[in-house]
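The chain contents come next:
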Amino acid sequence: MNRCMLIVNPTAGRERAKYHKDALKAQLETMFDDVELRQTGKAGDATAWAKEAALTGYHSVFCMGGDGTLNETINGLAQANAPIQFGFIPLGTVNDLARALRIPLHPEAAIAMLKHCKTTHVDIARANDRYFVNTVAAGIMPEAVGHVSIEQKTRLGPLAYFLTGFKALQNHQTSLFKIETDEGQMIYRSPLIVAMLTNSVGSFRNIAPQARVDDGKIWLAVFKDFTYLDLIKLVPEFLAGTPLSCEYMTLSTFTRAKISLADDQILSTNMDGDEGPAFPLELEILPSFLTVYVPAD
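These notes cover the structure that comes with them.

Cut-offs and rules
- Residues numbered from 1 in each chain as written.
- Predicted model: local features only at pLDDT ≥ 70, side-chain atom pairs only at ≥ 80, totals over all residues.
- Heavy atoms only, no water.
- Helix = DSSP H or I, 4+ residues; strand = E, 2+ residues; numbered from the N terminus.
- Buried < 20%, exposed > 50% of the residue type's maximum accessible area, 1.4 Å probe, protein only.
- Contact = heavy atoms within 4.5 Å.
- Areas by Shrake-Rupley, 256 points an atom, 1.4 Å probe, with all protein chains shown as cover.
- Pairing = 2+ DSSP bridges.
- Axes fitted to C-alpha atoms, helices over the stretch in contact; angles between N-to-C directions.
- Left-handed = near helix turned anticlockwise from the far one by under 90°.
- Nonpolar A, V, L, I, M, F, W, Y, C, P; charged D, E, K, R; others polar.
- Core = buried A, V, L, I, M, F, W, Y, C linked by side-chain atoms within 4.5 Å.
- Salt bridge = Lys/Arg side-chain N within 4 Å of Asp/Glu carboxyl O.
- Phe/Tyr/Trp six-rings, centres within 6.5 Å; stacked < 30°, edge-to-face > 60°.
- Lys NZ or Arg CZ within 6 Å of the ring centre and 35° of its normal.
- Expected span 1.5 Å × (residues − 1).

On to the overall build of the protein chain, then. Looking only at helices and strands, one finds 10 helices and 16 strands in the protein chain. Among the 297 residues that make up the protein chain, the fraction classed as buried is 52%. Of the contacts made within the protein chain by residues no fewer than 6 positions apart, 75% connect residues no fewer than 24 positions apart. Split by element, the accessible area of the protein chain, about 13,400 Å² in all, is 50% carbon and sulfur.

Pairing is antiparallel across the open sheet formed by 6 strands, whose spatial order is E12-E11-E10-E7-E14-E15. Each edge of the open sheet carries a strand with a single partner, namely strand E12 (249–254) and strand E15 (274–275). Here 2 bridges tie strand E14 (residues 269–271) to E15, and the two strands are oriented antiparallel to one another. Its bridge partner being in E15, methionine 271 is matched across the sheet by aspartate 274.

Packing of helix H3 (residues 45–55) against helix H4 (residues 67–80) leaves a shortest axis separation of 7 Å and a crossing angle of 40°. Note on packing geometry: the crossing formed by H3 with H4 is right-handed. Note on element contacts: H4 touches H3 through Thr69, Glu72, Thr73, Asn75, Gly76, Leu77, Gln79 and Ala80, opposite Asp45, Ala46, Thr47, Ala50, Lys51, Ala54 and Leu55. In the contact of H3 with H4, the residues fall into 6 nonpolar, 6 polar and 3 charged.

Looking now at the nonpolar core. Judged by nonpolar contacts, the single largest core of 49 residues is most densely connected at Leu28, Phe86, Phe88, Leu101 and Leu290. Once residues lying within four places of it in the same chain are set aside, the contact partners of phenylalanine 86 are Val61, Cys63, Leu70, Thr73, Ile74, Leu77, Leu290, Thr291, Val292 and Tyr293. Counting 23 residues, the second largest nonpolar core, distinct from the first, contains Ala127, Ala195, Met271 and Leu283.

Now for H3. For H3, every residue scored as buried is listed here: Asp45, Ala46, Thr47, Trp49, Ala50, Ala53 and Ala54. On its buried face, H3 is in contact with strand E1 (3–8), strand E2 (34–39), strand E3 (60–65) and H4. Glycine 57 lies just past H3 and shows a positive phi near 90°.

The subject of this paragraph is the pattern of salt bridges. What the rule picks out here adds up to 7 salt bridges. Close ionic contact of glutamate 29 with lysine 25 constitutes a salt bridge, the shortest N to O distance being 2.6 Å. Of this pair, glutamate 29 and lysine 25 both sit in helix H2 (residues 17–29), separated by 4 residues, roughly a single helical turn. Taking the shortest distance from any N to any O, the salt bridge between glutamate 284 and arginine 256 comes out at 3.3 Å. Of this pair, glutamate 284 sits in strand E16 (residues 281–295) while arginine 256 sits in strand E13 (residues 256–261), and the two are 28 residues apart along the sequence.

Moving on, we get to the environment of histidine 116. Secondary-structure assignment places histidine 116 in the loop between helix H6 (107–113) and strand E5 (117–127). Judged by relative accessible area, which is 62%, histidine 116 ranks as exposed. Separated by 177 residues in the primary sequence, histidine 116 and tyrosine 293 place their C-alpha atoms 9.9 Å from one another. Sequence-distant contacts of histidine 116, that is, excluding residues within four places in its chain, are made with Pro295 and Ala296.

With that settled, the discussion passes to the packing of aromatic side chains. The tally for this structure, following the rule as stated, stands at 4 aromatic pairs. For the pair phenylalanine 32 and phenylalanine 62, a centre-to-centre distance of 6.4 Å together with 70° between the ring planes defines the contact as edge-to-face. Here phenylalanine 62 lies in strand E3 and phenylalanine 32 lies in the loop between H2 and E2, a separation of 30 residues in the sequence. The buried category is assigned to phenylalanine 62, whose relative accessible area is 0%. An aromatic cluster is present here, built from Phe32, Phe62 and Tyr293 joined pairwise through their rings. The side chain of arginine 3 reaches across the aromatic face of tyrosine 58, ending 4.0 Å from its centre.

With that out of the way, let us pick up H4. The end-to-end C-alpha distance of H4, which contains 14 residues, comes to 20 Å, matching closely the 20 Å that a straight helix rising 1.5 Å per residue would cover. Judged by how many residues are buried, H4 sits mostly within the fold: 11 of 14 residues are covered. Among the residues making up H4, those that are buried are Asp67, Thr69, Leu70, Asn71, Thr73, Ile74, Asn75, Gly76, Leu77, Ala78 and Ala80. Phi turns positive one or two residues past the end of H4, at asparagine 81, with a value near 50°.

Put into structure tokens, the structure is as follows:
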């Protein structure tokens, strides 16, 4: 019997999930013999339930929620490390993985997509003892966007993160990063570093437009220290979708790396939109780890 577990965050998307969960469950019931709906009530529920589904023989697990619910669910699947198929309905502010996979951002369309879908393989990566599917970032910009209010996100969407982050970059606060890979060691002074797995970062595709969800690489952008004139020049180019050049950042790829702070500064990280692990960061790619439902066309 093909069983499916559906994990729903009822507060996601300004509580839109409660209006769409029944339609999603009805669609999944046309695809599976049995669909079990579970609604999260606290942090960690999605991780525990996804791990349970993978270890107890479910065919698939779906989640409906924002980037945090998505990250929790994938952490559960990674901890189980057992074969299972995965699908999700995006209700977050940014939804980078959905953008990279061309999954519709409107829940009605994402649910309808499942009538004619296929599966594809998607990389994830490990950062210390946690896992991510989009980004791990550190520097003044991630710390600033962590304080974006729900009201700002509701009114401006992904642009709220962009405006807050670029305003923060004017402060010229930098950190000294030591990056060790199989190819050697590099030290950079930078206001912002971003390790990413897809070509969508904060809904923009300027930073690593060549990144693919299954290329087996972690892409690392190390930004230069911006002057005010740099920002005036960069913002319209960024909003126009122009790929960023080496004038603004250094872009490299690796499969495994250690990133540490070369000075005594304390710096937080952001992982898939939420607070991430502490430095030093041990990063490693897990190629084609997920089997994900995506549009057939």
